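# Observations on the three-dimensional arrangement
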Amino acid sequence: MSRYDPASIEPKWQAAWEDAQTFKASREGDKPKYYVLEMFPYPSGRIHIGHVRNYTMGDVIARYKLATGHNVLHPMGFDAFGMPAENAAMASGGHPKDWTYNNIDTMVGQMKPLGFGLDWSRMFATCDVEYYGQQQALFLDFLEKGLVYRKNAMVNWDPVDMTVLANEQVIDGCGWRSGAPVERKELTQWFFKISDMSGELLDALDTLENWPAKVKTMQANWIGRSRGLQFAFSTIDAPDGFDRIEVYTTRPDTLMGASFVGISPDHPLAKQLEKDNAELAAFAAECRKMGTTEEEMEKAEKKGFDTGLRVRHPFDTAWELPVYVANFILMDYGTGAIFGCPGHDQRDHDFATKYGLPIVDTFMPVEGEHDIQAEPFVPAKTEKVRFTRLVAGAEIQTGEEAIDATIDFCEANGVGQGVTKFRLRDWGLSRQRYWGCPIPVVHCDTCGVVPEKKENLPIQLPYDEAGKPIDFSIPGNPLDRHPTWRDCACPSCGKPAQRETDTMDTFVDSSWYFARFTAPRAGTPTDMADADYWMNVDQYIGGIEHAILHLLYSRFFARGMIETGHLPQKCAEPFNALFTQGMVTHAIYKTTGADGRPVYHYPEEVELRDGKGFLKDGTEVTIVPSAKMSKSKNNVVDPMHIIATYGADTARWFVLSDSPPERDVEWTASGAEAASKHLARVFRIASEIAASDVAPTKEDDALLRETHKAIHDVTMGVESFGFNASIAKLYAFTNALHKSRAGTEAKTFAAKTLAQLMSPMTPHLSEELWQLLGGEGLIANAPWPVADEAMLVEDSVTLPIQVNGKRRGELTVPKDLPKYEVEKLVLAHEAVVKALDGGQPKKLIVVPGRIVNVVV
RNA sequence: GCCCGCGUGGUGGAAUGGUAGACACAGGAGACUUAAAAUCUCCAGACCGAAAGGUCGUACCGGUUCGAGUCCGGUCGCGGGUACCA
């Protein structure tokens, strides 16, 4: 008897699928369509175990849908622009383009042996000229529709390298290469007007029934709709043009507890005052040294600077408040100015305490008092409170009621107006980098900023500069310093002009690739007939780390593409169902380098002893447990040795077993061998059945029931993304088949069914078994088995008997035994008799088919 | 800081508010073998007990319920996101 030999069977069946074009997406026939998509990978160099997990999940769905009679689209591509390619070029020479395409070749070479049912003919990379050229066309259409505009925005600036830094490149406030303290700098940049769609993007979340609730919550919080009051404080002796300071507040009911006005360091008034106040200028400069991330702003110590300027309270002109410039106020949100109410806000309380400002309450608990000087009183807005300094509404009301009443009162008295604001900011897409899609606009001295003509697209990235491949050892954007690339004719007046040298954020690339897959070679961004057939994506699968940005940007882009005629109306929400798989995590091992910066070590370099890690030279490493696998942290696990040792089916089986798909898993390699043993066991069991000849026995029926139960359970698991549950059932079914003494016919049926149920997970082995057991054609094309409901029902059930919620015995009764009969049997049960000790039960709960509880 | 998750045996994990620990890994005992590998059978949360059986037990504290891993409130720890990592 032959042994399970994945090395020989896997290439054989991959060739068979290739010959039969099994996974080529086709619009033919009248089958329903199914589009399954996994978030495409960044070509970091090698696939890692997280990729294997992600694509195996998608492949299970794709193969299952094929077997249940669908036209399936299951494509693959690469999110190929981005910083790592430039970083690699800086670190070790070479060119981002060569680095990227080499990586793609390697990764495709690693993915193909895994036997994914992908339509490889549709593959593309976002750095392909064909792709980014179409993206430029989309940009021009968006521009024409007013979905893109220019404004100033802050970037991280490295004053030594004279270059813009990504947030990731700022470490403890310093540039990652130069080590110099980073500054904020203002640049004119392109923005997508995503904020125009805030309300729509928020409201439409409710229609996404098959999205995880947590993702919808995260997006809703991110968009952040709030209702508040916008009004102005009038200033006293302020510079010209600043007789009013507009503020926005979501808690107007605390207006009578105001103790100061705060403005952002980037507020026009702050900038004006700075001119004549060196101390303030120094404070503002200090604020601008802070990074641009929200996290840094929030975590930084709250600091303010008293401008000396004062404003009048809108309800009492004799009441004057000081104006502070404060480092925690964002110019981007609201009006860039607030009033502080220390009595009912922790941050304002800290601020007031620090600068000796008054702390006044506007409401107290309904019962009792709260020491407002010691800590702020911040109840939920839905809680009733007793107002001590009331603007409008009842004395005792909830915060919500008070807010509404105050807004109405203010509007009626001309103090301000109720407005709805969103936290969501416009999407800045300009990047001062080489390896991205060039923004197709031209700067002309005469005509200003002019869109490039569509017939001049694609605007290609230059490979060479001055006859040599671009040198990335020099900091800064190579497009900026390229001797000729910028030169062009103005599309409007024809005079010499210069190209924009900024490229697009790589999130743009990934915001429409799913649409491009429906017609990847089309001469326009999409082909409407293909998009109409294949869209939407029926099942999208990817990491939870993309819950907000990528998915929100894609939702915006889909709407923009409808507006510009590139997608049909039905695509506003392009992903019908979303599944967020957990990440594969692995410890990070780091030491500190001579320059004080962290040095990351590969798992292979680290020896673990007593929970501590050491390098070969004995240096102890710091272990950061369970972190997201990241190339820059060197904690990526390479699955290729598992594939080489045990084969693709083992790797696929292994990544699906044991862990629920949505949960993070800490990677350990110990289970791979066990998975391999199990597959070999299945092969052995099937081979024995194929070689046997046993007449029908009285155990045939039991095995048949087991088989139908397995069909039911495994199918349920696949349908609900419970792949680990499906696999547990497959283990149990394999054990049942192994132990069964049924005849050959029943066993053959069971084994063929087992092969089918396993086929989405272990497709090569399943094809082999199918052939061995006399199945017709490819198992990939065989119709998915259907469970016979009649075979699933049991005749009797075993009920656990609880006494006061603790299990004290069990009772086996016919399935349909009436409740009162069950009660009689329970009361006669030994354990119950003992517990009652002659008395009567206080209560008797019978949950039919599940449990019995006696309360004594 | 803020938003969103997660926390169950030695390990990965299972469990529509209804027998906690399915299925598997590692471990132990045995069979087969000259031996090993492979394979097969069985055991296995902790504690007490010879056993029958009992007590405890799902990060921690409290609540709702006949009944809580599951629902509610709070605490701690870990992870993701935080708008230029992708």
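Cut-off values and rules
- Residues numbered from 1 in each chain as written.
- Chains lettered and ligands numbered in written order.
- Predicted model: local features only at pLDDT ≥ 70, side-chain atom pairs only at ≥ 80, totals over all residues.
- Heavy atoms only, no water.
- Near = heavy atom within 4 Å.
- Polar contact = N/O pair within 3.5 Å; in protein donor to acceptor, adjacent residues only side chain to side chain.
- Nonpolar A, V, L, I, M, F, W, Y, C, P; charged D, E, K, R; others polar.
- Domains from an automatic or database assignment.
- Pairing = 2+ DSSP bridges.
- Helix = DSSP H or I, 4+ residues; strand = E, 2+ residues; numbered from the N terminus.
- Axes fitted to C-alpha atoms, helices over the stretch in contact; angles between N-to-C directions.
- Disulfide = S-S within 2.5 Å.
- Buried < 20%, exposed > 50% of the residue type's maximum accessible area, 1.4 Å probe, protein only.
- Salt bridge = Lys/Arg side-chain N within 4 Å of Asp/Glu carboxyl O.
- Left-handed = near helix turned anticlockwise from the far one by under 90°.
- Contact = heavy atoms within 4.5 Å.
- Expected span 1.5 Å × (residues − 1).
- Patch = residues over 30% accessible without salt bridge, like charges linked within 9 Å, V, L, I, M, F, W, Y side chains within 5 Å.
- Areas by Shrake-Rupley, 256 points an atom, 1.4 Å probe, with all protein chains shown as cover.
- Lys, Arg positive; Asp, Glu negative; His and termini not counted.
- Charge placed at Lys NZ, Arg CZ, Asp CG, Glu CD.
- pLDDT = per-residue confidence, 0-100.
- UniProt positions renumbered as here; feature names shortened; annotations may be inferred.

### Details of the protein's contact with RNA strand B
- Surrounding RNA strand B, one finds 66 residues, the nearest of these being Asp79, Asn167, Arg433, Arg807 and Asn853.
- Interatomic distance of 3.4 Å between a side-chain N/O atom of Arg850 and a base oxygen of RNA strand B.
- Split by residue class, the surface near RNA strand B holds 23 nonpolar, 18 polar and 25 charged.

### Looking at the domain arrangement of chain A
- The assigned domain composition of chain A is domain 1 (30-125 + 515-581), domain 2 (138-201 + 426-463 + 472-506), domain 3 (225-421), domain 4 (585-656), domain 5 (668-791) and domain 6 (796-855).
- Between the C-alpha centres of domain 3 and domain 5 there is a distance of 67 Å.

### Quick look at the pairing of strand β3 (residues 148-158)
- Sheet analysis places β3 next to strand β7 (residues 183-192), joined by 10 bridges and oriented antiparallel. By the bridge assignment for β7, Val148 is matched with Phe192.
- The sheet contact formed by β3 and strand β4 (residues 163-165) spans three bridges and is antiparallel. Of the residues in β4, the one forming a bridge with Asn156 is Leu165.
- The antiparallel hairpin formed by β3 and β4 contains four residues in its connecting segment, where Met162 sits at a positive phi of about 50 degrees.

### With respect to the sheet that holds strand β14 (residues 363-365)
- Pairing is antiparallel across the open sheet formed by three strands, whose spatial order is β14-β15-β16. With partners counted over all chains shown, the strands left at the sheet margins are β14 and β16 (396-398), one partner each. Strand after strand, the sheet turns through a mean of 50 degrees between neighbouring axes, direction not considered.
- Here β14 runs beside strand β15 (residues 384-387); their pairing, made up of three bridges, is antiparallel.

### Let's talk about the state of the cysteines
- Evaluation of the coordinates by the stated rule reveals zero disulfides.
- With no disulfide of its own, Cys127 lies 11 Å from the sulfur of Cys437, the closest cysteine sulfur.
- Summary of cysteine pairing: Cys410 is not part of a disulfide, and the nearest cysteine sulfur, belonging to Cys341, is at 14 Å.
- When its relative accessible area of 0% is taken as the criterion, Cys410 is described as buried.

### Some details on the pattern of salt bridges
- Tallied over the entire structure, the rule returns 35 salt bridges.
- Notably, a salt bridge pairs Asp713 with Lys729, separated by 3.8 Å at the nearest N-O pair. Here Lys729 lies in helix α22 (residues 723-739) and Asp713 lies in helix α21 (residues 700-719), a separation of 16 residues in the sequence.
- Among the ionic contacts, a cluster of salt bridges with common partners joins Arg184, Asp266, Glu274 and Arg288.

### So, the packing of helix α3 (residues 83-92) against helix α4 (residues 96-111)
- Remark: α3 packs on α4, axes separated minimally by 8 Å, with the N-to-C direction vectors making an angle of 115 degrees. Handedness of the crossing formed by α3 with α4: right-handed. Within the contact between the two elements, α3 uses Pro84, Ala85, Glu86, Ala88 and Ala89 and α4 uses Pro96, Trp99 and Thr100.
- Taken together, the residues of the contact of α3 with α4 break down into six nonpolar, one polar and one charged.

### Things to note about α21
- For α21, which comprises 20 residues, the first-to-last C-alpha distance of 28 Å matches the rise-based estimate of 28 Å (1.5 Å per residue) to within 8%.
- Of the surrounding secondary structure, the elements contacted by the buried residues of α21 are α2 (49-67), α22 and α23 (744-758).
- At the exit of α21 stands Phe721, carrying a positive phi of roughly 60 degrees.

### So, a negative patch on the surface
- Negative charge collects at one region of the surface, where Glu400, Glu401, Asp404, Asp408 and Glu411 lie side by side.
- Here Glu411 lies in helix α12 (residues 399-412).
- Accessibility expressed as a relative area gives 38% for Glu411, which makes it partly exposed.

### Regarding the sheet that holds strand β36 (residues 806-814)
- Spatially, β36-β35-β38-β37 is the arrangement adopted by the four strands of the open sheet, whose pairing is mixed. The strands lining the two open edges of the sheet, one partner per strand, are β36 and β37 (843-847). Taken over all neighbouring pairs, the strand axes of this sheet differ in orientation by 20 degrees on average, direction set aside.
- Lying on the sheet, helix α25 (residues 819-828) is in contact with β35 (796-803), β36, β37 and β38 (851-855); it crosses β37 at an angle near 125 degrees.

### Observations concerning the confidence of the model for chain A
- On average, residues of chain A score 91 in pLDDT, and 97% of them are at 70 or above.
- Across the whole predicted complex the pTM is 0.93, and at the interface the ipTM reaches 0.94.

### As for the UniProt feature "domain: Leucyl-tRNA synthetase editing" (unreviewed entry) in chain A
- Residues annotated in UniProt with the feature "domain: Leucyl-tRNA synthetase editing" (unreviewed entry) correspond here to residues 221-374.
- With 24% helix and 32% strand, residues 221-374 has end C-alpha atoms that lie 30 Å from one another.

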